[in-house]
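Coordinates in review
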Amino acid sequence: MPAKPTAKKSVEPLNLASLPGARSFDTSNNLQVAFPVGGMGAGCVCFNGYGGFQDYSIRNKPALSALPDGHDATQDMAFAVLRVAGKKPVCKLVEGPVPVEKIYSLGLQGQGYRKGGNTGLPRFAECAFTGAFPFATVELKDPDVPVGVSVTAWNPFIPLDADASGLPLAVVEYTLTNRTRKPVTCELSFHLSHFSHRTQWNKPETSRNSVIPRAGVSMTNLEPGTSEDFGSAALMALLHKPKIKAMWFRGGWFDSISVLWRELSEGTFTTNDGSLAEKCTGANGGSVLVPVELAPGESVCVPFAFAWHFPNCHYITGPGKPNRENACCAGSSGGCCDPKPDWQPWYATRYTDAQDVLLYLRKNYHSLRERTVAFHQALFSSTLPPAVLDAISANLAILKSPTVLRQANGSLWGWEGCFATAGCCNGTCTHVWNYAQTLPHLFPALERGLREQELRWSMDDKGHVNFRAALPERETDHGWHAASDGQLGGMMKLWRDWQHSGDDAWMLKLLPLAKRSMEYCIRSWDPEETGALVEPHHNTYDIEFWGPDGMCSTIYLGALTAMASLCSHAGWQADAERYRNLAAKSATAIDGTLFNGEYYYQKVRWLDLADQSLKQKIETGAVTNPEELALLQREGPKYQYGTGCLSDGVIGAWMAKLYGMETALDSTRVCAHLKSVYKYNFRKDLWTHANTQRPGYAMGHEGGLLVCSWPKGGKPLLPFPYSDEVFTGIEYQVASHLILMGLVGEGTTIVETLRMRFDGRTRNPWNEYECGNYYARAMASYSLLASFGGMRYSAIEKTLWLDPKIDAETIRLFFATNTGWGQLVLTGNQLEVVPCEGKLELKRVVIRGVEYKVVGTKVQSTKGTKFRHPGVRTQATGFPANPGK
């Protein structure tokens, strides 16, 4: 038998294509596919539809060019090459064909920039991409290559373990299969440019390259620095002992890649220790090569990994310039001084450089992989419609995208989304992150940190919360208006996070601050305590609503209900009674004055409010534009929705229902509103819809849920911005609420229609954009899991509720709480809890309204129905081969 490569332990390739919810794309529809692979809050690269890498967002900020990998010989590159020996050796870049639409882009950049790199190397003829977060696989075939190749890219993603899920690295596993009846000899090599290498043309070198013994290459700067470009990169073969080239040939023009390809294609790969790196100029990088012998029909998996490490961050938001004292650059010749970094990413406090990251990975590779696979299997074996699984899983990628940053103290901070080279709309914006339901379940400690950002760092003595938190974490300024939906939503989320964690001490620490915030909201927007927000109140549409509306007032109702419960638990009975009474008035006001028989709407008011600013502008001649003046006199404030049917019109009721909070709002009217939203705002085809705002979210013959419509007339001449658009986060919010209320078909249709727009050719299925890429609001999709399962858990009551909206004899549902995660398996009224990690502490279970008590490891009703409840740490085993069917 041919000699097999030495390995500590093999790994089994994943079969993603069999999973419900997995998405597959061939060369006809993979143009936009870009799958984020990286650490939560640590940056990422994107694995594209043909098996290459692009969009190296690794320097604590976005870099989203959407261009082919390796389009510049001095730019970030990571790629593999396969050479098969024989009478007619064949050598290929291990990627499929570049989509033709990207070739024109390369031409536009061509002369003067010398674009090229590995893009023009011979490639495999066919490719098929399949993604099921956090794994993505590309299958490659070529009639001239006797070896089939499967490439899988991933990064650890393990619920409750933010540290393991925040490693700045990408794992790439290449499975080679001999398709012939004869032995085959191959050389599989992986190549990485020096990510922190930023030398100028013909200038002295500033990098250091070295060998990681028996494993790979480390590349870093020659001298420490404080710039954001200072850092390191590393490449490693994880299970095989490779040949190592610690430094590429150095020169100008296209020398590095040209010489490297010549060696690879001719089978003359040479090794070096990188010691000449600091004496030469030109593009820099390192390579590893693994020889592989394959018997007929044999397969072998060869995993590589590459990491990045950029410890310096100078971008800040909020007041002042913290840590701006100067520090002279070590070894600088001209006395040049750079400011110290304002903050560091979390990983920089745990790992000294990129090599250190990979050494940790190599030591823990199998356990990290097994735990990530366990999560993947537990989620994708849930009994949910494929489009719903797709939606839930795809938007988990936002946590791996440059939208999310994690500071040295462990606190998470996020943009709303990302532009090509910068974040969009800073500060973990409270009203946008209101919609996001991923963190509180999968990483609840990080979500609780956001409550502290809001109440400890972003609120002043008066209770005003700046809805954009400062970076790095510190007190922020208060010269801008508060956001009513974001600030009030924060109190609902405080209640939710307390229920999830069961941590009384944490809740009691924040409760006085929450009370200050609540009183500010009442004083500012409901000074007469009518139960509805009346005074102008800012919201997620970036404008103020004047007069009471269903959207913000239902969140107000939820916040009052939450505060009544929290104060009662704390023994603050007078405060609890105050909030309870005002909540009752709120429900009466919303139901009694804002419901028109079909849906909740807005009563625009401005003449009789305490805020007379608009009236004064008109009366004093401050409005000089006669057209605008006439509009204001006729319609009142600009940017309202009035008689419109708003998709977010009962969002507070959604949050309350999802969190398990009982409010006094009429549920039949809430259901009527949702039916009206589906009837009037959902369009299977937008061909005749006029949208002068941002039509790229959904247009033409695509379908989607409009933010607002005016079925009864009365649309203002200038309604609120975004009203004619389609936001995925709002679509998920409405779909989830419909399903919670039993309108499963309508909710599922919205999700299916939404995900059809992200078809791989028009849009990237792992990038639901709104104001920027990887938009945080889209993480509302995670709520679909709880909606279909009718599932919630209270650590305070040690109670699990299940009311599945799923027609199946056996129902499997992924669960994650503050203390463990795994699967729930419900057959009839018999439930099995299968923890993958941790435990689920239970005293009782309520299934379809019937209560069951837990006795030891059993749960038994008066009718004798039992279920198993291990409540202990177990391995993730026993998942079905074709889950969810």
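Reading the values: the criteria
- Residues numbered from 1 in each chain as written.
- Predicted model: local features only at pLDDT ≥ 70, side-chain atom pairs only at ≥ 80, totals over all residues.
- Heavy atoms only, no water.
- Pairing = 2+ DSSP bridges.
- Helix = DSSP H or I, 4+ residues; strand = E, 2+ residues; numbered from the N terminus.
- Axes fitted to C-alpha atoms, helices over the stretch in contact; angles between N-to-C directions.
- Polar contact = N/O pair within 3.5 Å; in protein donor to acceptor, adjacent residues only side chain to side chain.
- Buried < 20%, exposed > 50% of the residue type's maximum accessible area, 1.4 Å probe, protein only.
- Contact = heavy atoms within 4.5 Å.
- Phe/Tyr/Trp six-rings, centres within 6.5 Å; stacked < 30°, edge-to-face > 60°.
- Lys NZ or Arg CZ within 6 Å of the ring centre and 35° of its normal.
- Core = buried A, V, L, I, M, F, W, Y, C linked by side-chain atoms within 4.5 Å.
- Parallel < 35°, antiparallel > 145°, perpendicular 65-115°, else oblique.
- Left-handed = near helix turned anticlockwise from the far one by under 90°.
- Nonpolar A, V, L, I, M, F, W, Y, C, P; charged D, E, K, R; others polar.
- pLDDT = per-residue confidence, 0-100.

What about the sheet that holds strand β1 (residues 23-26)?
Reading across from one edge, β1-β7-β8-β9-β10-β17-β14-β13-β12 is the order of the nine strands in this open sheet, with antiparallel pairing throughout. Edge strands, defined here as strands with exactly one partner in the open sheet, are β1 and β12 (207-212). Pairs of neighbouring strands in the sheet enclose a mean axial angle of 15°, with direction left out of account.

Examining helix α13 (residues 626-635)
One turn of an α-helix holds 3.6 residues; hence residues three or four places apart share an orientation. N-capping of α13 is provided by Asn-625, with a side-chain oxygen placed 2.9 Å from the backbone N of Glu-627. Looking one or two residues beyond α13, the residue adopting positive phi is Gly-636, at roughly 85°.

Here's the deal with the side chain of His-431
Secondary-structure assignment places His-431 in helix α5 (residues 430-433). What makes His-431 buried here is its relative accessible area of 1%. A distance of 3.1 Å separates the side chain of His-431 from the side chain of Thr-540, its partner in a polar contact. Aside from chain neighbours lying at most four places away, what touches His-431 is Phe-467, Ala-483, Asp-485, Gly-486, Asn-539, Thr-540, Asp-542 and Arg-777.

Comments concerning the sheet that holds strand β2 (residues 34-39)
The three strands are arranged β2-β3-β4 in an open sheet whose pairing can be described as antiparallel. Looking along the sheet, the strands with just one partner apiece sit at the ends: β2 and β4 (53-57). Within this sheet the neighbouring strands show an average axis-to-axis angle of 25°, counted without direction. As defined by bridge partners, strand β3 (residues 43-48) adjoins β4 across three bridges and the pair is classed as antiparallel. If you follow Cys-46 over to β4, its bridge partner there is Gln-54.

Some words on the environment of Asn-395
Inspection of the secondary structure puts Asn-395 in the loop between α4 (386-394) and β20 (404-406). The exposure class assigned to Asn-395 is buried, which follows from its relative accessible area of 2%. Sequence spacing of Asn-395 and Trp-766 is 371 residues, and the spatial spacing of their C-alpha atoms is 6.5 Å. Separated by 3.5 Å, the side chain of Asn-395 and the backbone oxygen of Ala-778 make a polar contact.

Examining the packing of aromatic side chains
Remark: the centre distance and the inter-plane angle together describe each pair of aromatic rings, the angle taken between the planes. Counting across every chain of the model gives 40 aromatic pairs. When the ring of Phe-25 is compared with that of Trp-766, the centres are 6.0 Å apart and the planes differ by 75°; the resulting orientation is edge-to-face. With a gap of 741 residues between them, Phe-25 in strand β1 and Trp-766 in the loop between α17 (744-757) and α18 (783-789) connect regions that are remote in the sequence. Look at Phe-25 and you get buried, because its relative accessible area is 3%. Taken together, a centroid distance of 5.2 Å and an interplanar angle of 65° make the contact between Phe-545 and Tyr-641 edge-to-face. Within this pair, whereas Phe-545 is found in strand β25 (residues 544-545), its partner Tyr-641 is found in the loop between α13 and β26 (645-646), the two being separated by 96 residues in sequence. Owing to a relative accessible area of 0%, Phe-545 belongs among the buried residues under this scheme. Sitting above the plane of the Phe-269 ring, Lys-245 keeps its charged end 4.9 Å from the centroid.

Re the environment of Val-290
Turning to its location among the elements, Val-290 is positioned in strand β16 (residues 285-294). If we ignore the near neighbours within four places in the chain, the residues touching Val-290 are Cys-186, Glu-187, Leu-188, Ala-237, His-240, Pro-242, Val-302 and Phe-304.

Re the nonpolar core
The biggest cluster of nonpolar side chains holds 248 residues, and the ones touching the most others in it are Leu-82, Phe-190, Phe-306 and Met-518. Of all hydrophobic cores here, the second largest spans 13 residues; its members include Met-77, Val-81, Leu-93 and Trp-248.

Re the packing of helix α16 (residues 728-740) against α17
Relative to each other, α16 and α17 sit at 155°, their axes nearing to 7 Å. On the basis of their axis angle, the class for α16 and α17 is roughly antiparallel. Like other packed secondary-structure pairs, α16 and α17 cross with a definite hand, here left-handed. Residue-level contacts link Thr-728, Glu-731, Tyr-732, Val-734, Ala-735, Leu-738 and Ile-739 of α16 to Val-744, Glu-746, Gly-747, Thr-748, Ile-750, Val-751, Leu-754, Arg-755 and Arg-757 of α17. Class assignment of the residues belonging to the contact of α16 with α17 gives a composition of nine nonpolar, three polar and four charged.

Considering the confidence of the model for the protein
Per-residue confidence for the protein gives a mean pLDDT of 90, with 89% of residues at or over 70. Every residue in residues 324-336 scores below 50 in pLDDT, and together they form 19 contacts with partners more than four places removed in sequence or on other chains. The low-confidence segment residues 869-885, where pLDDT is below 50, has 36 contacts with residues more than four positions distant or belonging to other chains.

Here's the deal with unusual backbone geometry
The step from Phe-133 to Pro-134 runs through a cis peptide bond, and the omega angle for that step is 5°. Within the secondary structure, Pro-134 is located in the loop between β7 (126-132) and β8 (135-141). Phi at Asp-55 is positive, roughly 55°, even though this residue is not glycine. Tracing the backbone shows Asp-55 in strand β4. The exposure class of Asp-55 is buried, given its relative accessible area of 7%. Positioned with a positive phi, Arg-848 is a non-glycine residue whose angle comes to about 50°.

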